[in-house]
Amino acid sequence: MAIIRTENLSRVYRENSIEVKALTDVNLQIQRGDFAVLAGPSGSGKTTLLNMLGALDRPTSGRAWLDGHEITSLSKMDRSRLRRDHIGFIFQFYNLIPVLTAYENAEFVLLLQGVSHHDRETKVSELLKKVGLSGLEHRKPHELSGGQQQRVAIARALASSPSVVLADEPTANLDSQTEQGLLDLMEQLNRDLGTTFLFSSHDPEVIDRARRLIVLRDGVVVSDTRRD
Amino acid sequence: MIARLAARNLRRHFRRTLITTIGIALGTALSLFSIGLGDGGHLQMIENGVRIGQGHLTVQMDSYLESPSTAKFLPDPEPFLAVLENHPGVRSVFPRIRGEGMLATAYAAEGVQFQGIDPSRRGEADLFRDSIAEGDFLSASDGAHIFLGQKLAQRLKVKVGRKTVLTFQDSAGEITSTLLRVSGIFRSGSSAIDGTICLVPIGTLQRALGMGQGVTSLAIYLENPFAQEAVYRQLERSLPGGSAGLYHWQTLQPDLRDYVVLDDVFGYLIYAIILFILAIGVLNTVLMSVMERKREIGILTAIGMGGGAVLRMVLLETALITLIGIAGGLVLGLAVNWYFSVHGLDLTSFSTEGWDLAGTVIDPIMRSKLRPHRVFQLCTAVFLLSVTMGIYPAVKASRTEPVEAMEKP
Ligand SMILES: Nc1ncnc2c1ncn2[C@@H]1O[C@H](COP(=O)(O)OP(=O)(O)O)[C@@H](O)[C@H]1O
Ligand SMILES: [Mg+2]
């Protein structure tokens, strides 16, 4: 069964009576365990689509399902709970809470979920080790490099064992070597944990690593290919 | 977890937190100081007022209140004294006669207010005893002596040891005169008091007025002036009934009461202004910190922190700043109050005379008096007001839309 499904998903931004069709009739299915990339030039609607799928924003028309939940009709509180329990987020900018340490950032969603101290400790230590940050648990974000910060963000996204990880250009601000390391890590986590990854990029090196490639242009899906 | 986030957020903007905290602390301390000084000043005024007047509570004939006259006297004060002297809340009771008359010498005559007192009772008329300018206080309770104010003595051109004649209506309405020798002269600092009041032994007046053991009032001084109402209610029940009643100083000295009430209202106005400024400061700080953290709150919301939790986080931050500020204000305010309760605030340099007001004498050295319930009142007001100021920013923060908050820089 598809973990993500959309039906004529559209989003129109209205600003000073000017209408921008950011997304038009997107029909999409992402399978469980997929490692999919949303490609397309800047302004093609990648962020808009990820925001819809992540229950961060509502579409103008159309519907979307995530792990069986019809997200477009959920209340604000239910969307918040869906994000907490089913989705892991990695953003391009501003990912971490500056006042919390690497460990506390990764632990945060588990605290929101009310997971016990012991289980949190086990889970977070294991994840930080997996993303290669053992020994840096007590650093604050500003004491970490850009790549290390995104690793913390990955650990946080995976901490609650979400059905899907949504990442909006997670490597856009990193140098290519760090980028490759991060992609290796996400690929490995996808393989080891079976977590579904959907991330956006306009970088050919990233697009290369996709097993599933969806290309957007002007808010329309122009190609959708599998490469196993 | 919310508490940890709140505490860290405050620590991150240490300087801003510190400035707000200091603001709250100073506001609290300033309010405590002015409450302490105001209450202390009022207490001094009231204490002096009732010392010159007829006590915290007074027994007198009910008809005396409408038109004071020595004809309206309490013929047998003994049963009253028996009750009053045995009440634990009563420090002392003084039988007195008050009346108006004419005091004359060979040179002049002046209208006076005479007070018959028992000089053998400890503590009686100590305000006058403590301000002797010349001569001695009255000694025997039935000697033919008079103790008068300096202004009055000057107008009458009378010296210690000289004779005066006091003329008044006796209890039967007849005009009577009695010869009194000046035993001493006092100077209280209030020209109204120094120019009109003279003290005469009560026995001498009782004989001259023909009222036997009668008195016009029993002035009651309490151990604790703040217990006035409680003692009043107890005495009310145990005192003999009849045509004599028990009165509050507030009824007998309405000028003093009105002055204190008015000054209290003025005081509240000042605290209101201090609290208003404080509230604006808190609102500004919390609002600024919330707007600055818009993206951060966006992330928290995006990863599933609910609006309620965000609201609680901001309110908790406000409460924390406030509590620290109040704690600092308490330390500072109590210290300052302690200093001024021991050393007093010396106002003598502001005025050299005329420390009389509303029928009382104002001490030129004000001592602050801070009662626990006033401290509690103020701290509660500061806390509630400050946290209320956090509500708007907290609600605003809790409604953050993650998408808007996290737009590109
Ligand atoms: N909040 C917004 N208000 C108005 N227009 C927007 C807003 N967000 C995005 N857009 C427009 O929608 C289109 C798609 O934007 P976006 O989804 O950010 O593309 P991408 O992430 O692929 O760069 C662009 O034309 C952009 O200008
Ligand atoms: Mg984008």
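Keep in mind that this is a model prediction, so the values were computed, not measured. (Residues numbered from 1 in each chain as written. Chains lettered and ligands numbered in written order. Predicted model: local features only at pLDDT ≥ 70, side-chain atom pairs only at ≥ 80, totals over all residues. Heavy atoms only, no water.)

### What about the sheet that holds strand β6 (residues 87–90) of chain A?
Residue and element names in this part refer to chain A.
Phase 1 of the analysis: Spatial strand order, β6-β7-β8-β3-β9-β10: 6 strands in an open sheet with mixed pairing. This sheet does not close on itself; its edge strands, each paired only once, are β6 and β10 (220–226). Across this sheet, the average inter-strand angle for adjacent strands is 15°, counted without regard to direction.
Phase 2 of the analysis: As paired elements, strand β3 (residues 35–39) and strand β8 (residues 196–201) share 5 bridges and run parallel to each other. What sits directly across from Ala36, in β8, is Leu198.
Phase 3 of the analysis: Strands in contact with helix α2 (residues 76–86) are β6 and β7 (164–168); relative to β6, the strand with the most contacts, it is inclined by about 85°.
Phase 4 of the analysis: Of the strands in this sheet, β3, β6 and β8 touch helix α6 (residues 176–193), which is tilted by about 155° from β8. (Pairing = 2+ DSSP bridges. Helix = DSSP H or I, 4+ residues; strand = E, 2+ residues; numbered from the N terminus. Axes fitted to C-alpha atoms, helices over the stretch in contact; angles between N-to-C directions. Contact = heavy atoms within 4.5 Å.)

### As for helix α9 (residues 228–238) of chain B
Residues and elements named next belong to chain B.
Phase 1 of the analysis: What α9 keeps buried is the set Gln228, Val231, Tyr232 and Leu235. Taken down its axis, α9 places every buried residue within 105° of arc, on the same side.
Phase 2 of the analysis: Buried-residue contacts for α9 involve β1 (57–61), α4 (78–85), β2 (90–104), β9 (217–222), β10 (244–248) and α10 (249–252). (Buried < 20%, exposed > 50% of the residue type's maximum accessible area, 1.4 Å probe, protein only. Arc of directions from axis to C-beta.)

### Some points on the nonpolar core
Phase 1 of the analysis: In this structure, Ile4, Leu49, Phe108, Leu166 and Leu198 of chain A together with Leu5 and Met305 of chain B are the most contacted members of the largest nonpolar core, which totals 66 residues.
Phase 2 of the analysis: Among all residues touching Leu166 of chain A, those that are not within four sequence positions of it are Ile4, Leu50, Leu53, Gly54, Ile87, Gly88, Phe89, Ile90 and Leu198 of chain A.
Phase 3 of the analysis: Membership of the second largest hydrophobic core comes to 43 residues, among which are Val112, Ile146, Leu148 and Ala153 of chain B. (Core = buried A, V, L, I, M, F, W, Y, C linked by side-chain atoms within 4.5 Å.)

### A look at the side chain of Thr164 of chain B
Residue and element names in this part refer to chain B.
Phase 1 of the analysis: If you trace the backbone, Thr164 turns up in strand β6 (residues 163–169).
Phase 2 of the analysis: Relative accessible area serves as the criterion here: at 1%, Thr164 is assigned to the buried category.
Phase 3 of the analysis: With residues near it in sequence (within four places) discarded, Thr164 still touches Leu103, Ala104, Thr105, Ile146, Val158, Thr178, Leu179, Leu180 and Val182.

### Concerning the environment of Pro95 of chain B
Residues and elements named next belong to chain B.
Phase 1 of the analysis: Positionally, Pro95 belongs in strand β2.
Phase 2 of the analysis: Look at Pro95 and you get buried, because its relative accessible area is 9%.
Phase 3 of the analysis: Setting aside residues no more than four positions away along its own chain, Pro95 makes contact with Gly116, Ile117, Asp118, Arg121, Glu124, Ile202, Val215, Ser217 and Leu218.

### Things to note about the interface of chain A and chain B
Phase 1 of the analysis: Residue-level contacts link 26 residues of chain A with 26 residues of chain B.
Phase 2 of the analysis: Seen at the junction of chain A and chain B, the total is 4 salt bridges.
Phase 3 of the analysis: The partner of Lys76 of chain A in a salt bridge is Glu401 of chain B, and the shortest N-O contact between them spans 3.5 Å.
Phase 4 of the analysis: Scanning the region where chain A abuts chain B turns up 5 residue pairs in polar contact (both at pLDDT 80 or more). (Salt bridge = Lys/Arg side-chain N within 4 Å of Asp/Glu carboxyl O. Polar contact = N/O pair within 3.5 Å; in protein donor to acceptor, adjacent residues only side chain to side chain.)

### Focus on the site of ligand 1
Phase 1 of the analysis: The environment of ligand 1 is formed by 13 residues, the closest being Glu15, Gly43, Lys46, Thr47 and Thr48 of chain A.
Phase 2 of the analysis: More than one chain reaches ligand 1: the nearby residues come from chains A and B.
Phase 3 of the analysis: Contact between ligand 1 and Gly43 of chain A: an oxygen atom at 2.7 Å from a main-chain N or O atom of the residue.
Phase 4 of the analysis: Note that an oxygen atom of ligand 1 is positioned 3.1 Å from one of the backbone N or O atoms of Gly45 of chain A.
Phase 5 of the analysis: Listed by contribution, the elements that provide at least two residues to the shell around ligand 1 are β1 (2–15), β2 (18–31) and α1 (46–53) of chain A.
Phase 6 of the analysis: Counting residues per element, the shell around ligand 1 draws most heavily on α1 of chain A, which supplies 3 residues.
Phase 7 of the analysis: Partitioning the shell around ligand 1 into residue classes produces 4 nonpolar, 6 polar and 3 charged. (Near = heavy atom within 4 Å. Nonpolar A, V, L, I, M, F, W, Y, C, P; charged D, E, K, R; others polar.)

### Re the sheet that holds β1 of chain A
Residue and element names in this part refer to chain A.
Phase 1 of the analysis: Strand order in this open sheet of 4 strands is β2-β1-β4-β5, and the pairing throughout is antiparallel. Lying at the two open borders of the sheet, with one neighbouring strand each, are β2 and β5 (69–70).
Phase 2 of the analysis: Relative to β2, β1 is paired through 10 bridges, and the arrangement is antiparallel. By the bridge assignment for β2, Arg11 is matched with Leu23.
Phase 3 of the analysis: Strand contacts of α1: β1, β2 and β4 (61–66), with the helix running at about 120° to β1, the strand carrying the most contacts.

### Topic: the packing of aromatic side chains
All names here are of chain B.
Phase 1 of the analysis: Within this structure, the stated rule accounts for 11 aromatic pairs over all chains.
Phase 2 of the analysis: Ring centres of Phe147 and Phe186 lie 5.5 Å apart, and the angle between their planes is 35°; on these two criteria the pair is classed as tilted. With Phe147 in strand β5 (residues 145–149) and Phe186 in strand β7 (residues 175–186), this pair connects stretches of sequence that are 39 residues apart. Each member of the pair, Phe147 as well as Phe186, carries the same accessibility label: buried.
Phase 3 of the analysis: The interplanar angle of 85° and the centroid separation of 5.9 Å between the aromatic rings of Tyr268 and Tyr271 together place this pair among those described as edge-to-face. (Phe/Tyr/Trp six-rings, centres within 6.5 Å; stacked < 30°, edge-to-face > 60°.)

### Re the environment of Leu148 of chain B
All names here are of chain B.
Phase 1 of the analysis: Inspection of the secondary structure puts Leu148 in strand β5.
Phase 2 of the analysis: The buried category is assigned to Leu148, whose relative accessible area is 0%.
Phase 3 of the analysis: Distance in space between the C-alpha atoms of Leu148 and Thr380 is 50 Å, their sequence separation being 232 residues.
Phase 4 of the analysis: Here Leu148 is in contact with Leu103, Ala153, Leu156, Val158, Val182, Gly184, Ile185, Phe186, Ile197 and Cys198, once residues within four sequence places are set aside.

### What to know about the domain arrangement of chain B
Residue and element names in this part refer to chain B.
Phase 1 of the analysis: One can read the domain layout of chain B as domain 1 (2–49 + 257–405) and domain 2 (54–252).
Phase 2 of the analysis: One C-alpha centre belongs to domain 1, the other to domain 2; they are set 47 Å apart.
Phase 3 of the analysis: Facing the 11 residues of domain 1 at the interface are 12 residues of domain 2.
Phase 4 of the analysis: If you look at where domain 1 meets domain 2, you find 0 salt bridges.
Phase 5 of the analysis: Here domain 1 is connected to domain 2 by 1 residue pair in polar contact (both at pLDDT 80 or more). (Domains from an automatic or database assignment.)

### Overview of the pattern of salt bridges
All names here are of chain B.
Phase 1 of the analysis: Taken as a whole and assessed by the stated rule, the structure comprises 28 salt bridges over all chains.
Phase 2 of the analysis: Note that Arg155 and Glu110 form a salt bridge whose closest N and O atoms lie 3.5 Å from each other. Here Glu110 lies in strand β3 (residues 109–117) and Arg155 lies in helix α6 (residues 150–156), a separation of 45 residues in the sequence.
Phase 3 of the analysis: In this structure, Glu317 and Arg293 form a salt bridge, with 2.7 Å as the shortest nitrogen-oxygen distance. With Glu317 in helix α13 (residues 307–342) and Arg293 in the loop between α11 (254–292) and α12 (294–302), the pair connects residues that are 24 residues apart, well separated along the chain.

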